[in-house]
Amino acid sequence: MAHLASLPTQKFTHYRQELLELQTSQDNAAVKRAAYELSLMEKSCFIELNGIVHHYHDSGPKDAAQTVLLIHGWDCWWMWWHHVIRYLNDKGIRTIAYDMRGHGWSDNDPKNHYHIDFFAHDLNELVMKLGLGQFHIAAFSFGPFVALDYARAHSELIRSMTFFNFGYLPNSHFTQAVATGTITFVFNNLLRKLTWWLPAYIFARLVLAKNTVMLHDILIGFKSLGLCAPEAIDQTTRQITSFEITESVPDMVRAVDIPILFVAGEGDAIMTSENTKKLNEFARNGRFVSIPDCGHLITVELPETTSELILDQVTDCGEV
């Protein structure tokens, strides 16, 4: 389906300029990283979805039998999937990884609408304008909220879903009151104001990850902090800690008859393996896998494992 391409966003343009300047560095590792990311940018596209210009990365064979749409997590962006993209493309699978409004290289919403249903409407618009037909979804952390909201109205287009670090999180008035303010303060008032990646990595390593992460992936994660709109952090945090959302998750899972693979990290202190297993019990067509020695950031902690799990799900559920 033809659609009118949009011009690159300022976020993208500024980021690209930084990489071009980095190529003149005396640091060989930095030059190599810049060249790699610039090569990724060659597959970047821009499209207007519900009045907001979005970035998406479209790679792999356009005539591939299977397409995987990758949905990033909370305070993340599409590049968290870069290892997975390369792996799946090498297996002949087309991948589309996009930035939600207010994240990554997508424009911020001038009206500050960062609710799950807005993200789901954007996803629907993307699928329609690209004319994807049937496809698979892989989503991380916050991403499954968007995928499930979209799937309730468009399940006929989805062949399978793979959810990483996502589960049924018991809520309470204490959790709602404390977690909302604490998370927003840490990310918006502390981590986002850092100019050096090391403190942010120490925080992630102590709280979120169980594995050492490559420096390049650390920098990618650090960049996502500055690229995400503060209002998006605040609003999405309030949503995922609200009773309305947490209590609706089992019903959202139960409402779809799509093959869902729930993947948990045994060392995930944010969304525990037990919470993910509990959510799987509500699924009509679910499967649960727990990964030893893995925290909340599986896509960068264990990218090969992440890729293999998605490929297995696609292979098992790929027939129309």
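*Asks:* Even after reading the chapter, I still don't get a negative patch on the surface, so can you show me in this structure?
*Replies:* On the surface, a cluster of negative charge is contributed by Glu 304, Glu 308, Asp 312 and Asp 316. By the secondary structure assignment, Glu 304 is in helix H14 (residues 303-317).

*Asks:* Help me understand the pairing of strand E8 (residues 286-291), please; the structure alone is not making it clear to me.
*Replies:* A regular strand carries its side chains on alternate faces of the sheet. Of the pairings in the sheet, the one linking strand E7 (residues 260-265) to E8 comprises 6 bridges and is parallel in character. Paired with Ala 264 across the strands is Ser 290, a residue of E8. The parallel pair E7 and E8 is bridged by helix H12 (residues 273-280), and the resulting crossover is right-handed.

*Asks:* I tried to follow the packing of helix H1 (residues 10-22) against helix H2 (residues 28-41) on my own but got confused; where do I start?
*Replies:* Relative orientation and spacing of two packed helices are given, respectively, by the angle between their axes and the distance between those axes. Between H1 and H2, the shortest axis-to-axis distance is 8 Å and the interhelical angle comes to 145 degrees. For the pair H1 and H2, the sense of crossing is left-handed. Only Ala 30, Val 31, Ala 34, Glu 37, Leu 38 and Met 41 of H2 make contact with H1, whose side of the interface consists of Phe 12, Tyr 15, Arg 16, Leu 19, Leu 20 and Leu 22. Its residues placed into classes, the contact of H1 with H2 shows 10 nonpolar, no polar and 2 charged.

*Asks:* Help me understand the nonpolar core, please; the structure alone is not making it clear to me.
*Replies:* The nonpolar side chains of a soluble globular protein tend to be buried with one another. Among the nonpolar cores identified, the biggest contains 48 residues, and Ile 71, Tyr 98, Phe 135, Ile 137, Tyr 150, Met 161 and Phe 163 are the most heavily contacted of them. The dominant element in this core, judged by the number of residues it contributes, is helix H4 (residues 116-130), at 7 residues. Setting aside residues no more than four positions away along its own chain, Ile 71 makes contact with Trp 81, Tyr 98, Met 100, Leu 123, Ile 137, Ala 138, Ala 139, Phe 140, Gly 143 and Ala 147. Ranked by size, the runner-up nonpolar core spans 46 residues in total, among them Leu 40, Ala 97, Leu 261 and Ile 310.

*Asks:* How should I be thinking about the pattern of salt bridges in this particular structure?
*Replies:* Where charged atoms of side chains with opposite charge meet at close range, the side chains can pair. All told, the structure shown has 9 salt bridges when counted by the stated rule. For Lys 223, the salt bridge identified is with Glu 18, shortest N-O distance 3.1 Å. You can see Lys 223 sitting in helix H8 (residues 215-227) and its partner Glu 18 sitting in helix H1, a full 205 residues away along the chain. Overall, the relative accessible area of 34% leaves Lys 223 in the partly exposed class. Residues Arg 254 and Asp 251 are paired through a salt bridge, measuring 2.5 Å at the closest nitrogen-oxygen approach. Here Asp 251 and Arg 254 lie together in helix H11 (residues 249-254), a separation of 3 residues that amounts to about one turn.

Conventions we followed
Residue positions are counted from 1 within each chain, in the order its sequence is given. Confidence filtering applies because this is a predicted model: local features only for residues at pLDDT of at least 70, side-chain atom pairs given and counted only at 80 or more, and all residues used for totals across whole chains, interfaces and linings. Side-chain metrics rest on all non-hydrogen atoms present in the structure, leaving aside hydrogens and water. A patch is a set of surface residues, each over 30% in relative accessible area and not in a salt bridge, joined within 9 Å for like charges and within 5 Å for the nonpolar side chains Val, Leu, Ile, Met, Phe, Trp and Tyr. Using the Shrake-Rupley algorithm and a 1.4 Å probe, accessible areas are obtained, with residue cover drawn only from the displayed protein chains. Here, a salt bridge means any side-chain nitrogen of Lys or Arg that lies within 4 Å of a carboxyl oxygen of Asp or Glu. When charges are counted, neither His nor the chain ends are considered; positive counts come from Lys and Arg and negative counts from Asp and Glu. For charged residues, the charge sits on one atom: NZ in Lys, CZ in Arg, CG in Asp, CD in Glu. Helical segments are the DSSP runs of H or I of at least four residues, strand segments are the runs of E of at least two, and each set is numbered from the N terminus. Note on pairing: two strands pair once DSSP finds at least 2 bridges between them. A right-handed crossover is one whose linking path, passing over the helix from the first strand to the second, runs clockwise when the strands point away from the viewer. Axes here mean lines fitted to C-alpha atoms, for a helix over just the part in contact, with angles spanning 0 to 180 degrees between N-to-C directions. Whether a crossing is left-handed or right-handed is set by the direction in which the near helix is turned from the far one by less than a right angle, anticlockwise for left-handed and clockwise for right-handed. Any two residues whose heavy atoms approach within 4.5 Å are treated as being in contact. Residues are grouped as follows: nonpolar covers Ala, Val, Leu, Ile, Met, Phe, Trp, Tyr, Cys and Pro; charged covers Asp, Glu, Lys and Arg; every other residue, Gly included, is treated as polar. Nonpolar cores are built from buried Ala, Val, Leu, Ile, Met, Phe, Trp, Tyr and Cys residues. Side-chain atoms within 4.5 Å join them into one set. Each residue gets one of three labels from its accessible area relative to the maximum for its type: buried under 20%, exposed over 50%, partly exposed in between, using a 1.4 Å probe on protein chains only.

These figures come from the coordinates and say nothing about function on their own.
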